[in-house]
Amino acid sequence: MHSIKSYTAHKISRSTVSVDNNQTGSTVSVDNSVDRDQISRLTVPVDNNKTNKMSIDRQIWQHENFDRIIRNEEEFFEKMNYILNNPVKSGLVDKPGKYKWLYYIGGKMEDGATIIVDDKKKSEDACPTIHFNDTDYAKAMVSYLAFIVSRIPDVNSNLCHWNSIWEIISNTFARQALPMNWDFIENNVFAQKGYSFYNILKSILSIFKTINIDNNSKKNVLQYSASNLSYADNYFDAVFTDPPYYDNVPYSYLSDFFYVWLKRTVGDLYPELFSTPLTPKSKEIVAYTNNRSWEEAKALFEENLKKAFQEIYRVLKPDGIATIVYTHKSTSGWETLINSLLDSGLVVTASWPVDTEMRARLRARESAALASSIYFVTRKIKRNETGWYNKVKEEIKKHIYQKLERLWQEGISGADYFIAAIGLSIEVFGKYEKVMDYEGNIIRADKLLDFVREIVTDYAVRQILHNGIAGELSPLTRFYLLWRWTYKEAKVHFDDARKLAQSTGIDLAKEWNKGFIRKEKEFIKVLGPQERRLKELEESNELIDVLHRVLILWKEGKREEMKKILATTEYGNKDSFYRVAQAVSETLLMDSGEKRLIDGFLSGKEKLLDEIKNKDKQEEIFKKN
């Protein structure tokens, strides 16, 4: 209220009164173009003797003892009616819309819109509706305000809890899933802190500072089906897309949480977007298994993703560029993307892994979650007709080896390292319209991924062991070491575990539930020493089993028994034993229980080696005597 008074008084004063300051004194003149009778009725007398500054003899607004706080809608309309109808009751105008000063905003707003009053309502006390004569601007403004309504439920559901670290209420969607919550907190949406109405509005308004409103260059945001774009052939210079990550995120189901509120607030402004009760799902390019089998879901995803990529190819200009962002931890997820990309005609000319997730996030500790996404740079260029698989494999191996060292130096590791290698292989594989073996079979993504995994496995094991002893290790030890490097201590779907095992030369089905490999429903878990029992390790001479047995004895303080096992298995004097232990430790997170056991054991390595050597000497002397 104070701001309105100050602003309008300033405008009225400047329009009606001018003050001439000179050395002899001050004169006050009134603009004769303004109705003096209106000015007289508009202003109130002021005693200049009570002020320390020069002013005209009449004041624009009356003084108020206190501000008015609007507490409800009824009171809001009461004050609004009072303000709007005041000029009419004072006899200044016959309609509120004709009153110059109340609606005066300096001609036009910055965007070109002017405020007018809709006075078609019959009742004299009814509040006129203020709106913009620029309908596009009004529509945009209402849409932004509707975001507040749709976001407030995110911090007002019974899945919200109190975040004691930041002293705010958490939101419902901390990530792309609904968490389990044992208790919830009720939010004050009008608070000054946290996700309140005020702060949500503040964040939305901050966006306008970055928007350059230029009526001469209108921007359009349009919604189309990715598999049926309404653009002519060879239309775009470039396309950037981040397609759905297979079955990672149920996008439309999560969107329903906000959709129902937006439908009620701005649904009438966008009837084409809110015509259904909930978000449409039948044509969504996601591998949903609702009402269909897993194979059907996979086939549907691959087919529709191929159509979307083919549309990108169609609308791109010759030699146009398309950047595609993708990631998925499963082999099947990558198979569908690669096959869809190869069938589209787009040629991958470069690929880069980019960190898009926090490595320390909770999900990264509980599962084989990735930290990187792959950015594929593709072009609409002519491809070679046919590549022969044996030659293409050699070309891929040469290309990957040139890049793997650089990725290693840049700190790419684990599952992200494999994913980066996939991108590198497609740069070669995708240059051909088709790749065939000498028997005439067309090679698809599954064969390509198996080959890439073999290359990366061999390279990674040698790097993990610092180019030493890799050839001395058994397949099971290689598998254990590579698993810890790739997946840490996470459970992994059987199919991905099987393919990793295959690349190290073991048949997973023959090994699970015998030693450190455990099958839990459709998942595979690799056990650490803290999850195993001494009794099940007594008969094994496998390096990893011996290491686990030694670590358990070290933890229990059975040093003599530990030295005896190292001596009888002959691992105590083998450098490979300690290097594998060190390599496993380096792959694990700092708070890993297995890592703490290994580091504790290795901290006494030198003393242990001396004791084993002395014991061997004593035994030799005893045998001679």
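Chemist: Just to check I follow, could you spell out the overall build of the protein chain for this structure?
Modeler: Check the secondary structure of the protein chain and you find 20 helices and 17 strands. For the protein chain, buried positions account for 40% of its 625 residues. Counting contacts in the protein chain only where the partners sit at least 6 residues apart, residues at least 24 apart contribute 64% of the total.

Chemist: Help me out: how do you make sense of the nonpolar core in this one?
Modeler: Inside soluble globular proteins, nonpolar side chains tend to come together where they are buried. With 103 residues, the main nonpolar core has Trp334, Phe376, Phe479, Trp483, Phe577, Tyr578 and Phe601 as its most contacted residues. Contact partners of Phe601, with chain neighbours within four places excluded, come to Val550, Leu551, Trp554, Met562, Phe577, Tyr578 and Leu608.

Chemist: It is not clear to me how helix H7 (residues 294-315) should be interpreted in this structure. Could you clarify?
Modeler: An α-helix turns once per 3.6 residues; consequently, residues spaced three or four apart project the same way. A rise of 1.5 Å per residue sets the reference length of H7, with its 22 residues, at 32 Å; its end C-alpha atoms lie 32 Å apart and thus fit the reference within 8%. Of the positions making up H7, those classed as buried are Ala297, Lys298, Phe301, Asn304, Leu305, Ala308, Phe309, Glu311, Ile312 and Val315. The buried residues of H7 all sit within an arc of 155° when viewed along its axis, so they share a single face. Of the surrounding secondary structure, the elements contacted by the buried residues of H7 are strand E9 (236-241), strand E10 (316-326) and helix H8 (331-344).

Chemist: Is there a simple way to explain H8 in this structure?
Modeler: In a regular helix each residue adds 1.5 Å, so 14 residues correspond to 20 Å; H8 covers 20 Å between its end C-alpha atoms and thus fits that length. Buried residues dominate H8, accounting for 13 of its 14 residues.

Chemist: Which parts of the structure should I look at to understand the packing of helix H10 (residues 389-409) against helix H12 (residues 445-464)?
Modeler: Describing two packed helices takes the angle between their axes plus the distance from one axis to the other. At their nearest, the axes of H10 and H12 sit 10 Å apart, and the two run at 40° to each other. By the criterion of interaxial angle, the relationship of H10 to H12 is oblique. Relative to H12, H10 is oriented so that their crossing is right-handed. For the pair H10 and H12, the contacting residues are Tyr389, Lys393, Ile396, Lys397, Ile400, Tyr401, Leu404, Glu405 and Trp408 in the first and Lys447, Leu448, Phe451, Val452, Ile455, Asp458, Tyr459, Ala460, Arg462, Gln463 and Ile464 in the second. The residue makeup of the contact of H10 with H12, split by class, is 13 nonpolar, one polar and six charged.

Chemist: Is there a simple way to think about the packing of aromatic side chains in this case?
Modeler: Centre distance and the angle of the planes are the two values used to describe a pair of aromatic rings. In this structure the tally under the stated criterion is 24 aromatic pairs. Measuring from centroid to centroid gives 5.1 Å for Tyr246 and Phe301, while their planes differ by 75°, and the two rings are edge-to-face. Here the residue Tyr246 occupies a position in the loop between E9 and helix H6 (251-266), and Phe301 occupies one in helix H7, the gap between them amounting to 55 residues. Taken individually, Tyr246 and Phe301 each receive the classification buried, so the pair is uniform in this respect. Among the aromatic residues, ring-to-ring pairing joins Tyr224, Tyr231, Tyr235 and Phe236 into one connected group.

Chemist: How should I be thinking about the confidence of the model for the protein chain in this particular structure?
Modeler: It should be kept in mind that the predicted coordinates are not to be read in detail where pLDDT is low. Scored by pLDDT, the protein chain comes out at a mean of 77, with 76% of its residues at no less than 70. Here residues 17-34 scores under 50 on pLDDT; set against residues more than four positions off or in separate chains, the count is 23 contacts. Within the model, the stretch residues 358-370 combines pLDDT values under 50 with 30 contacts to residues more than four positions away or in other chains.

Chemist: Which parts of the structure should I look at to understand the side chain of Arg453?
Modeler: Tracing the chain through its elements places Arg453 in helix H12. For Arg453, a relative accessible area of 12% translates into the label buried. Setting aside anything within four residues of it in sequence, one finds Arg453 in contact with Thr331, Phe418, Lys499, Leu500 and Ser503.

Chemist: Help me understand the packing of helix H18 (residues 575-587) against helix H19 (residues 593-603), please; the structure alone is not making it clear to me.
Modeler: Two numbers describe how H18 lies on H19: the axes approach to 9 Å, and their chain directions differ by 140°. One way to sum up the angle between H18 and H19 is to call them oblique. As H18 packs across H19, the resulting crossing turns out to be left-handed. Across the interface between the two elements, Phe577, Tyr578, Ala581, Gln582, Val584, Ser585 and Glu586 of H18 pack against Glu594, Lys595, Ile598, Asp599, Phe601 and Leu602 of H19. Classifying every residue of the contact of H18 with H19 by side-chain character gives seven nonpolar, two polar and four charged.

Chemist: Got a minute to help me understand the sheet that holds strand E16 (residues 517-520) in this structure?
Modeler: As a general point, the strands of a sheet are linked pairwise by backbone hydrogen bonds and lie either parallel or antiparallel. Spatial ordering of the open sheet is given by E15-E17-E16, a layout of three strands whose pairing is antiparallel. This sheet does not close on itself; its edge strands, each paired only once, are strand E15 (492-493) and E16. Bridge count for E15 against strand E17 (residues 523-526) is two bridges, and the pairing is antiparallel. Paired with Val492 across the two strands is Ile524, which belongs to E17. Strands E15, E16 and E17 of the sheet are contacted by helix H13 (residues 475-487), whose axis makes an angle of about 105° with E17.

Chemist: What am I meant to see in unusual backbone geometry here?
Modeler: For residues that are not glycine, phi is negative in most cases, and the peptide bond is trans in most cases. Unlike most non-glycine residues, Asp319 shows phi in positive territory, near 70°. Among the structural elements, Asp319 can be located in strand E10. Using a relative accessible area of 46% as the deciding quantity, one classes Asp319 as partly exposed.

Chemist: I'm lost on the pattern of salt bridges in this one. Help?
Modeler: Charged atoms that come close allow side chains of opposite charge to pair. Tallying each qualifying case throughout the model produces 24 salt bridges. Note that Asp458 and Arg462 form a salt bridge whose closest N and O atoms lie 3.4 Å from each other. With Asp458 and Arg462 both in helix H12 and four residues apart, this pair spans about one turn of that helix. Accessibility expressed as a relative area gives 26% for Arg462, which makes it partly exposed. Notably, a salt bridge pairs Arg579 with Asp575, separated by 4.0 Å at the nearest N-O pair.

Calculation rules
Residues numbered from 1 in each chain as written. Predicted model: local features only at pLDDT ≥ 70, side-chain atom pairs only at ≥ 80, totals over all residues. Heavy atoms only, no water. Helix = DSSP H or I, 4+ residues; strand = E, 2+ residues; numbered from the N terminus. Buried < 20%, exposed > 50% of the residue type's maximum accessible area, 1.4 Å probe, protein only. Contact = heavy atoms within 4.5 Å. Core = buried A, V, L, I, M, F, W, Y, C linked by side-chain atoms within 4.5 Å. Expected span 1.5 Å × (residues − 1). Arc of directions from axis to C-beta. Axes fitted to C-alpha atoms, helices over the stretch in contact; angles between N-to-C directions. Parallel < 35°, antiparallel > 145°, perpendicular 65-115°, else oblique. Left-handed = near helix turned anticlockwise from the far one by under 90°. Nonpolar A, V, L, I, M, F, W, Y, C, P; charged D, E, K, R; others polar. Phe/Tyr/Trp six-rings, centres within 6.5 Å; stacked < 30°, edge-to-face > 60°. pLDDT = per-residue confidence, 0-100. Pairing = 2+ DSSP bridges. Salt bridge = Lys/Arg side-chain N within 4 Å of Asp/Glu carboxyl O.

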